[in-house]
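# Summary of the model geometry
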Amino acid sequence: MTSPTRAAAREVLEATDDSLLDLVDNLLNRGVVISGEVMLGLAGVDLVYVRLQAILCSADRVEQRHAR
Amino acid sequence: MSRVYLYALLSGPPACETGRGVCAERLRIVATGGLVALVGDVVDAPAPSALTLRAQDAVLRRLATELDAVLPVRFGTLVSDDVALAEALARRQPQLARALGRVAGCEQMTLRVWGDVATAETPTAAAGGGPGTRYLAGRRHAHERARRVPELEPLRTRLADLVREERVERHDRPPLLATVQHLVRRGAGARYVDVVDAARDSLRPWRVSVTGPWLPYAFAEEAA
């Protein structure tokens, strides 16, 4: 079953452009991480999923561009 | 029950209106232990979507025009209340203050290195000693390689006067070979792009793509 977060990740990736892929990488995989009392609103597994997909999509995009 | 959604740490309270956040909540400033945090009160963290990611970045970019330093916090970070926020920040106060100082007056440019084949490994020195020594030498080589981008050597001297700090992430999965984040002075992004464009021929067979300027997302990691 697809989780809501995973569905949202798919939405990001399907409607994206190069700069949005960087936005995904920056906002979901970088930035200050504070643990302890803090609850992350996103599950770690989904972060990994989004990141891998972002990199793969971005690679595909470059391949297409150079194939033109 | 609402919780506190943490957007960023700031170099100081902004002179402008903080405005509204990703969930249309009114943003507010929490000053604690020498740090200034930008927060909103929400029931749940926003789900990641093109809209919410862009919205969060836009909130921070708007404030960055008024402030010397904005240190973004990872998307989706919630704390239960202001007391929990103060405790969480107090535990990392020295690191966070240093990170704010590091990114002050700077922005981030992102370079990606592309190629059809992985860059050849640098030959290791003749292995001597026993299997333990060879194992450790291999580990050291892998560690050093993870921080190197030999594909960009022709570009390094040209960018030297623009780049203040660098973060490298090797992927080595053709066509994506590496991602390099550069911290540059604010306003230097256009010149950075020009320098990269002028160096493209000298980088062949490798290709590079540039995006930015971004807020310094990649330079907040060491505060973790």
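Values in this document were obtained by computation on a predicted structure and should not be read as measured data.

### A word on the overall build of chain A
A tally of regular secondary structure across chain A gives 3 helices and 1 strand. When burial is assessed residue by residue, chain A has 32% of its 68 residues classed as buried. Long-range contacts, defined here as pairs at least 24 residues apart, represent 77% of the contacts in chain A between residues at least 6 apart.

### So, unusual backbone geometry
Comment: phi is negative for the bulk of residues other than glycine, and the bulk of peptide bonds are trans. Residues and elements named next belong to chain B. The linkage connecting Arg-204 with the following residue, Pro-205, adopts the cis geometry, with an omega of 15°. Positionally, Pro-205 belongs in the loop between helix H7 (200-203) and strand E9 (207-214). Residue Gly-212 is joined to Pro-213 through a cis peptide bond whose omega torsion reads 5°. With respect to the helices and strands, Pro-213 occurs in strand E9. The phi torsion at Ala-24 lies on the positive side, around 65°, for a residue other than glycine.

### What to know about the sheet that holds strand E8 (residues 176-185) of chain B
The strands making up a sheet associate through hydrogen bonds between their backbones, and the pairing can be parallel or antiparallel. All names here are of chain B. Taken together, 4 strands build an open sheet; the order of strands is E7-E8-E6-E9 and the sheet is antiparallel. Every interior strand has two partners, whereas the edge strands, strand E7 (163-173) and E9, have only one. Averaged over all adjacent pairs, the angle separating strand axes in this sheet is 15°, with direction ignored. Where helix H6 (residues 189-198) meets the sheet, it contacts strand E6 (106-114), E8 and E9, and its direction lies at approximately 175° from that of E9.

### Some remarks on the domain arrangement of chain B
Residue and element names in this part refer to chain B. Each assigned domain of chain B is listed with its residue range as follows: domain 1 (3-103) and domain 2 (106-223). Taken over C-alpha atoms, the centre of domain 1 sits 29 Å from the centre of domain 2. Listed by contribution, the elements that provide at least two residues to the side of domain 1 that touches domain 2 are helix H1 (50-64), strand E4 (70-72) and helix H3 (93-103). Looking at side-chain class alone, the side of domain 1 that touches domain 2 contains 8 nonpolar, 1 polar and 3 charged residues.

### Some remarks on H6 of chain B
Residues and elements named next belong to chain B. The complete set of buried residues in H6 reads Gly-189, Tyr-192 and Val-196. For H6, the angular spread of buried residues about the axis comes to 55°, placing them on one side. Opposite the packed face of H6, turned more than 90 degrees from it, sit the exposed residues Ala-190, Asp-194, Asp-197 and Ala-198.

### Overview of the pairing of E8 of chain B
Residue and element names in this part refer to chain B. Taken across its 10 residues, E8 has 7 buried, putting it largely inside the fold. As paired strands, E6 and E8 are joined by 9 bridges and run antiparallel to one another. Within the sheet, the bridge partner assigned to Val-113 lies in E8 and is Ala-178. Across 8 bridges, the pairing between E7 and E8 is antiparallel. The residue bridging Val-168 from the neighbouring strand is Val-180, located in E8. Taking the residues that link successive antiparallel strands as the turn, the E7-E8 hairpin has 2 residues.

Thresholds, definitions, all that
Residues numbered from 1 in each chain as written. Chains lettered and ligands numbered in written order. Predicted model: local features only at pLDDT ≥ 70, side-chain atom pairs only at ≥ 80, totals over all residues. Helix = DSSP H or I, 4+ residues; strand = E, 2+ residues; numbered from the N terminus. Buried ≥ 20, exposed ≤ 12 C-beta atoms within 10 Å, placed from the backbone. Contact = placed C-beta atoms within 7 Å. Pairing = 2+ DSSP bridges. Axes fitted to C-alpha atoms, helices over the stretch in contact; angles between N-to-C directions. Domains from an automatic or database assignment. Nonpolar A, V, L, I, M, F, W, Y, C, P; charged D, E, K, R; others polar. Arc of directions from axis to C-beta.

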